[in-house]
Amino acid sequence: MTTRIALGVEYNGARFSGWQRQASPPLPTVQGQLETALSRIANQQVAISCAGRTDAGVHATGQVIHFDTAIDRGAKAWVMGTNTHLPPEIRVQWATPVDDNFHARHSARSRRYRYVIYDQPVKPTVLVGQLTHVRQPLNVAMMHEAAQHLLGEHDFSSFRGSGCQANSPFREIRSIAVYRHNRFIIVEVEANAFLLHMVRNITGTLLQVGFARQPTDWVRDVLMSRDRKKGGDTARPDGLFLVHVGYPDYPDLPQLPLGPCFL
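On a predicted model such as this, the values are computed, not experimentally measured, just so you know.

What follows is about the nonpolar core. Leu7, Leu34 and Tyr247 are the most contacted members of the largest nonpolar core, which totals 73 residues. Among residues more than four places away in sequence, those in contact with Leu34 are Val9, Trp19, Ile48, Ile65, Leu86, Ile90 and Val92. Judged by nonpolar contacts, the second largest core, of seven residues, contains Val116, Tyr118, Leu131 and Phe184.

Dropping the structure here:
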């Protein structure tokens, strides 16, 4: 008899080749590190599924995964024991048994990302790889106004990465905000799901408005064009964090404060 275990995971993706395991050629990935560590605790091969596969260099403070195991180790072992076999850039935050109908990806009803920008003349020496630096001050109010054109369900082909394998370009953005928090600018987006590079492409487009190179209505025009070439460049992965996954059908899953912790 097997038990399904859900885990909350945080990681710094700067030195990993994304989430998904890559065997040929063998590259360091978050999934690979977690499966190796969990297999040592379970004393058997463990395969995991996640809520959202992040790109190379992208981080997470609210990733959720699940796996099935015939071994009963208890929550403490799944958290503390697994962490002893992980590199310092990856940490399990919590563990809990769930019913067999739970699936980290398919049971999720929303994902929330935060993109962190630092707009100062000189690049900071701390938080290297954890934020995106721009030298020119940004007009945050204009960026927020422009972002509101993206609310609702739309064809987001204009913000879809070229390698995206999703069957449909339609997604529903439920909230989007651009705001200043201390010395950082945050682009925060929640949707039912995301296309490849969607948040980074949205951010790159909003940056053009923040630099006063384009008016706020331009973002609506980019969206309606359904043409990726009409938008801004893809923003770097450094500042992007998956901070929350929504499971309204599983209200007892642990809820941690939204990250990253330096905010």
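Once you've had a look at it, read on.
Below, the discussion takes up the side chain of Arg171. One can find Arg171 in strand β10 (residues 170–181). Despite its burial, Arg171 pairs with no opposite charge; the closest candidate is Glu153, at 7.9 Å N-O. Looking at Arg171, its side chain comes within polar contact range of the main-chain oxygen of Ser168, at 3.0 Å. Once you skip the residues sitting within four places of it in the chain, Arg171 turns out to touch Gly152, Glu153, His154, Phe156, Ala166, Asn192, Ala193, Phe194, Leu195 and Met198.

This next bit is on the side chain of Ser158. Here Ser158 is to be found in the loop between β9 (152–155) and β10. The class for Ser158 is buried, based on a relative accessible area of 0%. A distance of 2.9 Å separates the side chain of Ser158 from the backbone nitrogen of Arg226, its partner in a polar contact. There is a polar contact of 2.9 Å between the side chain of Ser158 and the backbone nitrogen of Asp227. In this structure Ser158 touches Val222, Leu223, Ser225, Arg226, Asp227 and Arg228, once residues within four positions along its chain are discounted.

All told, the structure shown has nine aromatic pairs when counted by the stated rule. Relative to Tyr250, the ring of Phe102 lies with its centre 5.0 Å away and its plane at 85 degrees, an arrangement referred to as edge-to-face. Note that Phe102 is positioned in the loop between β6 (90–98) and β7 (110–119) and Tyr250 in the segment after β12 (240–246), a separation of 148 residues in sequence. Since its relative accessible area comes to 0%, Phe102 is described here as buried. A ring pair is formed by Phe156 and Phe159, whose centres lie 6.2 Å apart and whose planes are at 55 degrees; its orientation type is tilted. Across the pair, Phe159 and Phe156 agree in class, each one buried. Through a chain of ring-to-ring contacts, three or more aromatic side chains come together here, namely Tyr118, Phe184, Phe241 and Phe262.

Let us now look at unusual backbone geometry. Trans peptide bonds make up the majority, and among non-glycine residues the majority have a negative phi. Across the junction of Gly259 and Pro260, the peptide omega takes the value -5 degrees, indicating a cis bond. With phi around 60 degrees, Asn43 is a residue other than glycine that occupies positive phi space. Position of Asn43 relative to the elements: it lies in the loop between α1 (30–42) and β4 (49–50). The phi torsion at His197 lies on the positive side, around 65 degrees, for a residue other than glycine. Positionally, His197 belongs in the loop between β11 (184–191) and α4 (198–210).

So, on to the pattern of salt bridges. The tally for this structure, following the rule as stated, stands at 14 salt bridges. Close ionic contact of Glu188 with Arg112 constitutes a salt bridge, the shortest N to O distance being 3.1 Å. Residue Glu188 is found in strand β11, and its partner Arg112 is found in strand β7; the two are separated by 76 residues along the sequence. When its relative accessible area of 11% is taken as the criterion, Glu188 is described as buried. On the basis of relative accessibility, which here comes to 22%, the residue Arg112 falls in the partly exposed class. One salt bridge in this structure joins Arg220 and Asp217, with 4.0 Å as the shortest N-O distance. On the criterion of helical spacing, the pair formed by Arg220 and Asp217 is a turn pair, its members being three residues apart in helix α5 (residues 217–225). In this structure Arg220 comes out as partly exposed when scored by relative accessible area, which is 36%.

About the criteria used
Residues numbered from 1 in each chain as written. Predicted model: local features only at pLDDT ≥ 70, side-chain atom pairs only at ≥ 80, totals over all residues. Heavy atoms only, no water. Core = buried A, V, L, I, M, F, W, Y, C linked by side-chain atoms within 4.5 Å. Buried < 20%, exposed > 50% of the residue type's maximum accessible area, 1.4 Å probe, protein only. Contact = heavy atoms within 4.5 Å. Helix = DSSP H or I, 4+ residues; strand = E, 2+ residues; numbered from the N terminus. Lys, Arg positive; Asp, Glu negative; His and termini not counted. Salt bridge = Lys/Arg side-chain N within 4 Å of Asp/Glu carboxyl O. Polar contact = N/O pair within 3.5 Å; in protein donor to acceptor, adjacent residues only side chain to side chain. Phe/Tyr/Trp six-rings, centres within 6.5 Å; stacked < 30°, edge-to-face > 60°.

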